[in-house]
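# Structure assessment
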Amino acid sequence: MARNVGSQKRTEYTVIGSHVNLVARIESYTMRGQILISKNTSKDTNLDIQIAG
């Protein structure tokens, strides 16, 4: 879910849900200069990318 949250004086745009939690966990494993993606993202992409590992 993505939406504005808060009051008239202070509002934020935020996203919540299982996909956001998964991305946060993946991001926590990255090291400087790395880009980590999930297996599903790798499978769904049409980009010509080199996957290490």
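A few points on the structure. (Residues numbered from 1 in each chain as written. Predicted model: local features only at pLDDT ≥ 70, side-chain atom pairs only at ≥ 80, totals over all residues. Heavy atoms only, no water.)

### Focus on the overall build of the protein chain
- Looking only at helices and strands, the protein chain has 2 helices and 2 strands in total.
- Along the protein chain, helices (α) and strands (β) appear in the sequence β-β-α-α when read from the amino end.
- The C-alpha atoms of the protein chain give 16 Å as radius of gyration, which overshoots the globular expectation for 53 residues (10 Å, by more than 25%).
- In terms of its C-alpha atoms, the protein chain occupies a principal-axis envelope of roughly 45 × 25 × 20 Å.
- Each of the 53 residues in the protein chain was classed as buried or not, and the buried ones make up 2%.
- A total of about 5500 Å² of accessible surface is found on the protein chain, and carbon and sulfur atoms cover 52% of it.
- The positive charge centre, built from 7 side chains, and the negative charge centre, built from 4, are 10 Å apart in the protein chain. (Helix = DSSP H or I, 4+ residues; strand = E, 2+ residues; numbered from the N terminus. Rg over C-alpha atoms; globule rule 2.2 N^0.38 Å. Buried < 20%, exposed > 50% of the residue type's maximum accessible area, 1.4 Å probe, protein only. Areas by Shrake-Rupley, 256 points an atom, 1.4 Å probe, with all protein chains shown as cover. Lys, Arg positive; Asp, Glu negative; His and termini not counted. Charge placed at Lys NZ, Arg CZ, Asp CG, Glu CD.)

### Overview of the pattern of salt bridges
- Evaluation of the coordinates by the stated rule reveals 1 salt bridge.
- One salt bridge in this structure joins E12 and R10, with 2.9 Å as the shortest N-O distance.
- We classify E12 as partly exposed; its relative accessible area is 41%. (Salt bridge = Lys/Arg side-chain N within 4 Å of Asp/Glu carboxyl O.)

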